[in-house]
Amino acid sequence: MKIAYIYPEKLPSKKARTISVINTSCELSKIIDTTLVYEKSGENILDFYGLKCDLSLKPLSKKFLIRSNKIFNFNLKKEIQNYDYFYVRHLKIAKFLIKNGAKVIFEAHEIFSNTNKKIKDIEKFVYKNSLALTFINQSLQEEINKYFKTTKFQKVIHNGTNFTTEYIKKDFSKIEEIYYIGSFQKWKGVDFLIGAVKNLDIKLKIIGDGERKEELQQKAGKNMEFLGFKTHDEIKKILKKSKLTVIPNISSSYNNFSTPIKLYEYLMTSNIVLSSGFKPIKEIIRDGENGFLFKAGDKKDFLNKLNYILNLDKERLEIISKNAYEMGKQFTWENRAKEIVQFMKELNAKNNLPSS
């Protein structure tokens, strides 16, 4: 079985979706013949991400006189006969491949027509004509099935992390810092977090960078520190020592369907997680058992839950930390790749195709 994972964007990049694609592709290549098809660049992307695997790389040009998806598609069309399946997360690419006879497994990440009504017909076409569908969480699966009435062969396959480690027993006798890791987009809730934690005794450590950094620094209190961009390895080292982490996302169309990769990283490094209680998060975090949830955007609820955590005895926090780790270790890139391959084998069996 040969598959092509299509990513019509320039690599390398530091986007969260890129991290998912490159790690998933790499792990897939350890199980089956996998090629990553992406926009041509001059760098060795495996070296950039520090990955070692047998992933075949197929960079395609988007450029002639102008940068255009039409050029990428023209080059992609030549590859259709070379693979059994095309694993795709971009709607327009999926539509193009389907129309040209490719067997497409489409991975859904959001309902695009919620924010762009013009794309609804493309969504309908892709959900109707893909060979099969995968979803990054159950909440999205339920919503798409309800909204588009799709009955396609399908499965929920979560994202993951490579922060693989043994359980880390941490000293919860005193928590002095809370950590946020991520971008500074408004829907990520950094503004809310800064406003809520300002003037508290606890310190807030913010890891990330972006064009809103100066704006956020002006809002920040004396108990806050911006640590800037950190590499993947640096973040892992920080999280192995941290105790309390936060996902403060506010209400938006994105958060109704998003499961942040950092959630898996927090859990895998045995951290206590305090998160906005969106449906995708609730699939993983059980309030008071393996983390804590608060009502998104509700400062009073956030502070009540934070105060509750800070006043729990260390033995209870150790149990929650251990439960967090046990949940988190399910979500690795290796496990994600295994689930995708198993899904493809089930798809072969359903269609009476050979599985090899």
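This write-up is about the structure you can find in this document. (Residues numbered from 1 in each chain as written. Predicted model: local features only at pLDDT ≥ 70, side-chain atom pairs only at ≥ 80, totals over all residues. Heavy atoms only, no water.)

1. With respect to the state of the cysteines
For step 1, the next point in the chain: Taken as a whole, this structure holds one disulfide when the rule is applied.
For step 2, the next point in the chain: Put simply, Cys26 and Cys53 are joined by a disulfide, and their sulfur atoms are 2.2 Å apart. The disulfide joining Cys26 to Cys53 has a torsion of about -130° about its S-S bond and is therefore left-handed. Taken together, the residues span a long stretch of sequence, with Cys26 in helix 1 (residues 16-29) and Cys53 in the loop between helix 2 (45-49) and strand 3 (56-60) at a distance of 27 residues.
For step 3, the next point in the chain: Accessibility expressed as a relative area gives 3% for Cys26, which makes it buried. (Disulfide = S-S within 2.5 Å. Helix = DSSP H or I, 4+ residues; strand = E, 2+ residues; numbered from the N terminus. Buried < 20%, exposed > 50% of the residue type's maximum accessible area, 1.4 Å probe, protein only.)

2. Re the nonpolar core
Nonpolar side chains in soluble globular proteins tend to end up buried together.
For step 1, the next point in the chain: The biggest cluster of nonpolar side chains holds 33 residues, and the ones touching the most others in it are Ile6, Leu76, Phe86, Leu97, Val104 and Phe106.
For step 2, the next point in the chain: Secondary-structure elements contributing two or more residues to this core are strand 1 (2-10), helix 3 (69-77), strand 4 (85-88), helix 4 (91-99), strand 5 (104-108), helix 5 (120-129), strand 6 (132-135) and helix 6 (138-148).
For step 3, the next point in the chain: Top element by residues in this core is helix 4. It accounts for six residues.
For step 4, the next point in the chain: If near-sequence neighbours (up to four positions away) are discounted, Phe86 is found in contact with Ala4, Ile6, Leu76, Glu79, Ile80, Leu97, Ala102, Lys103, Val104 and Ile105.
For step 5, the next point in the chain: Counting 30 residues, the second largest nonpolar core, distinct from the first, contains Val190, Val246, Phe292 and Leu317. (Core = buried A, V, L, I, M, F, W, Y, C linked by side-chain atoms within 4.5 Å. Contact = heavy atoms within 4.5 Å.)

3. Focus: the packing of aromatic side chains
For step 1, the next point in the chain: Taken as a whole, this structure holds 14 aromatic pairs when the rule is applied.
For step 2, the next point in the chain: Where Tyr167 meets Tyr325, the ring centres are 6.0 Å apart and the plane angle is 55°; that geometry is what we call tilted. Remark: Tyr325 occurs in helix 13 (residues 314-328) and Tyr167 occurs in the loop between strand 7 (154-156) and strand 8 (177-181); sequence separation between them is 158 residues.
For step 3, the next point in the chain: A relative accessible area of 24% places Tyr167 in the partly exposed class.
For step 4, the next point in the chain: Aromatic side chains Tyr264 and Phe331 sit 5.0 Å apart centroid to centroid with 40° between the ring planes, which places their arrangement in the tilted category. With a gap of 67 residues between them, Tyr264 in helix 10 (residues 261-268) and Phe331 in the loop between helix 13 and helix 14 (333-350) connect regions that are remote in the sequence. (Phe/Tyr/Trp six-rings, centres within 6.5 Å; stacked < 30°, edge-to-face > 60°.)

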